[in-house]
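Observations on the model geometry
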Amino acid sequence: MTIIEAGKIAADKLNQAKVPSAILDAEVLLACTLKKSKEFILANPKLKITKAQEKKYKALVKRRSKFEPVAYLTGEKEFYGLRFLVNKNVLIPRPETELLVEEVIKYVGTKSLTICDVGTGSGAIAVALKKYLPQTKIIATDISKSALNTAKKNADLNKAEISFIKTNLIYNIKDKIDLIAANLPYVPEEEKKIKNVFSKPLKYEPAGALYAGRYGLDSYEKLFQQTSNLPRKPTALFCEIGSNYAQKNKKMAQEYFPQAKIEIKNDLCDKKRLMIIKN
Ligand SMILES: C[S@@+](CC[C@H](N)C(=O)[O-])C[C@H]1O[C@@H](n2cnc3c(N)ncnc32)[C@H](O)[C@@H]1O
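Residues numbered from 1 in each chain as written. Predicted model: local features only at pLDDT ≥ 70, side-chain atom pairs only at ≥ 80, totals over all residues. Heavy atoms only, no water.

**Here's the deal with unusual backbone geometry**
For K35, which is not glycine, the phi dihedral falls at a positive 55°. Within the secondary structure layout, K35 lies in the loop between helix 2 (22–34) and helix 3 (38–43). Even without being glycine, L169 reaches a positive phi, approximately 55°. Mapped onto the elements, L169 comes out in the loop between strand 5 (163–166) and strand 6 (179–182). Judged by its relative accessible area of 11%, L169 falls in the buried class. (Helix = DSSP H or I, 4+ residues; strand = E, 2+ residues; numbered from the N terminus. Buried < 20%, exposed > 50% of the residue type's maximum accessible area, 1.4 Å probe, protein only.)

**With respect to the state of the cysteines**
The full count for this structure, using the stated rule, is zero disulfides. Counting only cysteine sulfurs, C239 is the nearest neighbor of C116, a cysteine outside any disulfide, at a range of 11 Å. The exposure class assigned to C116 is buried, which follows from its relative accessible area of 0%. (Disulfide = S-S within 2.5 Å.)

**Some points on the packing of aromatic side chains**
With the rule as written, the count across this model stands at eight aromatic pairs. Consider the rings of F79 and F84, whose centres lie 6.2 Å apart with planes at 70°: the pair is edge-to-face. Grouping residues by exposure puts F79 and F84 together as buried. The rings of F79, Y80, F84 and Y132 are connected pair by pair, giving a single aromatic cluster. The side chain of K36 reaches across the aromatic face of F40, ending 4.9 Å from its centre. The aromatic ring of Y107 is capped on one face by K111, whose charged end is 5.2 Å from the ring centroid. (Phe/Tyr/Trp six-rings, centres within 6.5 Å; stacked < 30°, edge-to-face > 60°. Lys NZ or Arg CZ within 6 Å of the ring centre and 35° of its normal.)

**Focus on the domain arrangement of the protein**
With domains assigned, the protein is organised as domain 1 (3–66) and domain 2 (87–278). Taking the mean C-alpha position of each, domain 1 and domain 2 sit 35 Å from one another. (Domains from an automatic or database assignment.)

**Notes on the side chain of T33**
Position of T33 relative to the elements: it lies in helix 2. Residues within four places of T33 in sequence aside, it is in contact with Q53, K56, Y57 and L60. (Contact = heavy atoms within 4.5 Å.)

**Brief notes about the pairing of strand 8 (residues 261–266)**
If a strand is regular, its side chains alternate between the two faces of the sheet. Where strand 8 lies against strand 9 (residues 272–278), six bridges are found, and the strand directions are antiparallel. Paired with K265 across the strands is L274, a residue of strand 9. Taken together, strand 8 and the strand that follows it, strand 9, pair antiparallel across an intervening segment of five residues, in which D270 is found at a positive phi of about 65°. (Pairing = 2+ DSSP bridges.)

**Description of the sheet that holds strand 4 (residues 137–142)**
With respect to topology, seven strands assemble into an open sheet ordered 5-4-3-6-7-9-8, the strand pairing being mixed. Lying at the two open borders of the sheet, with one neighbouring strand each, are strand 5 and strand 8. Averaged over all pairs of adjacent strands, the angle between their axes in this sheet comes to 15°, without regard to strand direction. Most of the contacts of helix 7 (residues 124–132) go to strand 4, to which it runs at about 175°, and overall it touches strand 3 (114–118), strand 4 and strand 6. (Axes fitted to C-alpha atoms, helices over the stretch in contact; angles between N-to-C directions.)

Structure, rendered in structure tokens:
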């Protein structure tokens, strides 16, 4: 079988299963199977693939046709121009989270602050911040040991020095934290029931990275509680939030930080995505 034949069969199968971006996914999975770039695949349509490669490719396409995310099949994802290893223990870093990284970089500038990435998952935020703000000290926490193991691998892969701590949010952190960056779970529990092309891939991601109570606010409420009880409060919190309950989240933040200036920024899809709390 040639590259073009294998690719066509795969794209048809993915189209039939109603997978969005079927052609692109077929190309990416073929490139991953052959351990070549997508450009190589496109430039060599008549090249024959081996029986073993065909078998491996079919297995990946079958998994994709059940809506398993491409990043879990290839084992990696790009975030903020950096490469991250991903697996079922970590949330796949999302492009919208780049807004949070961008805003923290702008805010920090050349200051030598201690930043805590709360709920680090794959380590995407922590690693990107350390690469672009090398003068800062970065602490990254997660409640999941297996997520932290992946985050450590990503820090090594990107040569970023980060202190990883397994804890509940920021509980018991000894350092004085100047700034909190957090992308904590914010999907309302009721959304577990929704079944469409956008929700199907979510069942492959860790539930503990996604859902946070009735309005998706529970994790942030606990973080605000812990932060407001710190003897020395951070000067700013940058929190990625769910757009549907953004106002509710802002109101909750105001109760915990009555003196703070709170602003909400929209992402590239014009959805309320980032809450910045400046104390
Ligand atoms: C939405 S994911 C975000 C992962 C990563 N920061 C990113 O932006 O791709 C939320 C992460 O928070 C972690 N988490 C959930 N509850 C936590 C808690 N109470 N304390 C620490 N981490 C928690 C989850 O294990 C998960 O890795």
